[in-house]
Amino acid sequence: MAKGQQLQAPKGVSEYFPDRSNTFEYVRDCLIESAKNSGYQLIELPVFEDTELFKRGVGESTDVVSKEMYTFEDRGGRSITLRPEGTAGVMRSVIEHNLDRGQLPVKVWYSGQFFRAERPQAGRYRQFYQVGIEAIGLDDPEIDVEVIAVADRAFRALGLKNYSLEITSLGDKASRDAYTKVLREYIAKLSLDDETAQRAAINPLRLFDDKREEVKAAMQAAPTLMDYLTPESRESFERVKTLLTALGINYEVNKRMVRGLDYYTGTAFEFVHHGLGAQSGIGGGGRYDGLMAELGGAELSGIGFGIGVDRCVLACESEGISLPSTFTLDLFIVPMSIQTKAQSLLLAERLRESGLKVDIAYGDRSLKGGMKAADKSGARFSIVIGEDELASDLATLKNMKTGDGSSIKISTLHEKLRDYFPETIGDR
RNA sequence: GUGGUCGUAGCUCAGCUGGUAGAGCACUCGGUUGUGGUCCGAGAUGUCGCGGGUUCGAGCCCCGUCGAUCACCCCA
């Protein structure tokens, strides 16, 4: 427990340590794997950027920018901000390094920490981990569906079932402007309290997300964006739906979906898990038409998503899914005495160099203690190294699962283990 | 930023209307002079989140503070 002056982690951060860190690692890698399988390549970016990037990219009217950013001045007097989301940074890098000059679309994935200074709650942290992808330079329903499929495939690979996909179309800028005008007129006729009215003034779409029954009821009859889509937007959205069905991906059209970042246009989607608390979105994203140009780049459209790794871990736990451990050991060595510890370490290093995963019982433990350590390590085999073994070069290789032991020559242990782990042993 | 609940051993928690701490799990050692998982025995562990107040006496009551948690707001 926290004692007096004991240091503790900053408020609202999530930490993963054994054994739970294995779950985190597995989930993250699974998401990344899915992106790689669809041809996305790594883009590794800084966690802090010029504050201006987010103000222009994400939008100053958004909550994320107006009150949730970790912003500070560096020693050169520059305003720096810890990234609250990933897309703006990717765009900046693409523009800065002319990544869009070659074949399109540019397909990249990223993963890492993001920061928002919010009040923490279930599934919402001030530092959170996200895996995301972006496909830039192509406005096409097929790529929209591919992006959605990357996320859906990853969730299925994790074994998740209790989630659903919601999609909508936010239309192009023309559709959006026409609609917003009508919606503002509708909202103006409602009698709302000051705070709510202020929220509506910033972004009228927000009211669709209000949790209060009276507001929900009032918004029930509100016009929806779907009715104001241009023919092109409508046709594109129809194609997205058709393709999702063809891929066997279930979805629900949510005409009232709200996206918190200003740059979204066209296809927008959100994966919602039903076993979490109030923060139920495990991943979401959509198309952005004006973002690149806004940041000084070409007039290129793009689409991407961000998936919350922390929330996916919680989702797996809520469904009782037990993921394979990312930590595995092939062999655990138990030295009998202080005299054999050094020899054991040499043996371990030799085996490790050939690609085996090997650990040793350190400290002056009893044989029983050493074997308990071997047991808990989860290693598939154990071997006790004592004076006798070193003198005779004979030891018992024990299968920890079955309990069977077979006598082997220590000098040929490498070859013996090669039979069991052909995939891990390299030719060195 | 606003509100509810909570803060006792590494973990999960018990502790009646105030009388200075306990269980299970985990851990270490032993029962089995050199082979784990089951079983049995023994042992170690806390300034009861922190600070102040009331009291002869506070884990328990009061105030503050920090943290956690859940919800609003917002979102991954």
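Our structure's up above, just so we're on the same page.
Here the structure is a predicted model, which means the values were calculated and not measured. (Residues numbered from 1 in each chain as written. Chains lettered and ligands numbered in written order. Predicted model: local features only at pLDDT ≥ 70, side-chain atom pairs only at ≥ 80, totals over all residues. Heavy atoms only, no water.)

A.B. asks: How should helix α12 (residues 338-353) be read in this particular structure?
C.D. replies: If you check α12, its first and last C-alpha atoms are 24 Å apart, about what 16 residues at 1.5 Å a residue would give, namely 22 Å. Buried residues along α12 sit in contact with β12 (331-335), β13 (358-360), β14 (381-385), α14 (387-392) and α15 (413-420). Just past α12, the residue G355 takes up positive phi, approximately 100°. (Helix = DSSP H or I, 4+ residues; strand = E, 2+ residues; numbered from the N terminus. Expected span 1.5 Å × (residues − 1). Contact = heavy atoms within 4.5 Å.)

A.B. asks: What am I meant to see in the layout of surface pockets here?
C.D. replies: To find the voids left in a structure, one rolls a probe of water-molecule size over its atoms. If you add up the space inside the second largest pocket, you get close to 630 Å³. Looking at the second largest pocket, it is lined by 26 residues, and the ones nearest its centre are K173, R176, D262, Y263 and Y264. Breaking the lining of the second largest pocket down by element, the ones donating at least two residues are α2 (51-57), α6 (173-188) and α10 (291-294). A total of 6 residues in the lining of the second largest pocket trace back to one element, the largest contributor, which is α6. (1 Å grid on protein atoms, 1.4 Å probe; cavity = no way out; pocket = protein on both sides within 12 Å on 5 of 7 lines; lining within 4 Å. Points joined across faces, edges and corners; volume = space filled by probe spheres on them.)

A.B. asks: How do you make sense of the pairing of strand β5 (residues 106-115) when you look at a structure like this?
C.D. replies: Within a regular strand, side chains alternate between the sheet's two faces. With 9 of 10 residues buried, β5 lies mostly within the body of the structure. Of the strand pairs in this sheet, strand β1 (residues 41-42) and β5 are connected by 2 bridges, and their pairing is parallel. In the sheet register, L42 faces β5, and the bridge partner there is W109. (Buried < 20%, exposed > 50% of the residue type's maximum accessible area, 1.4 Å probe, protein only. Pairing = 2+ DSSP bridges.)

A.B. asks: What exactly am I supposed to notice about the sheet that holds strand β2 (residues 48-50) here?
C.D. replies: Paired through backbone hydrogen bonds, the strands of a sheet run either parallel or antiparallel to each other. With antiparallel pairing, 3 strands are arranged side by side in an open sheet as β2-β4-β3. Two strands close off the open sheet at either side, each with one partner strand: β2 and β3 (70-73). Each strand axis lies, on average, 35° off the axis of its neighbour in the sheet, ignoring direction. Here β2 pairs with strand β4 (residues 79-82) via 3 bridges, running antiparallel. (Axes fitted to C-alpha atoms, helices over the stretch in contact; angles between N-to-C directions.)

A.B. asks: Is there a simple way to explain the pattern of salt bridges in this structure?
C.D. replies: Pairing between side chains of opposite charge can happen when their charged atoms approach one another. Applying the stated criterion across every chain, the model contains 15 salt bridges. Here R92 and E49 are joined by a salt bridge, their closest N and O atoms 2.6 Å apart. Note that R92 is positioned in helix α4 (residues 87-96) and E49 in strand β2, a separation of 43 residues in sequence. E118 is the salt-bridge partner of R124, the closest N and O atoms lying 3.5 Å from each other. Grouping residues by exposure puts R124 and E118 together as buried. Ionic contacts of the salt-bridge type, sharing partners, join the residues E49, R92 and E96 into one network. (Salt bridge = Lys/Arg side-chain N within 4 Å of Asp/Glu carboxyl O.)

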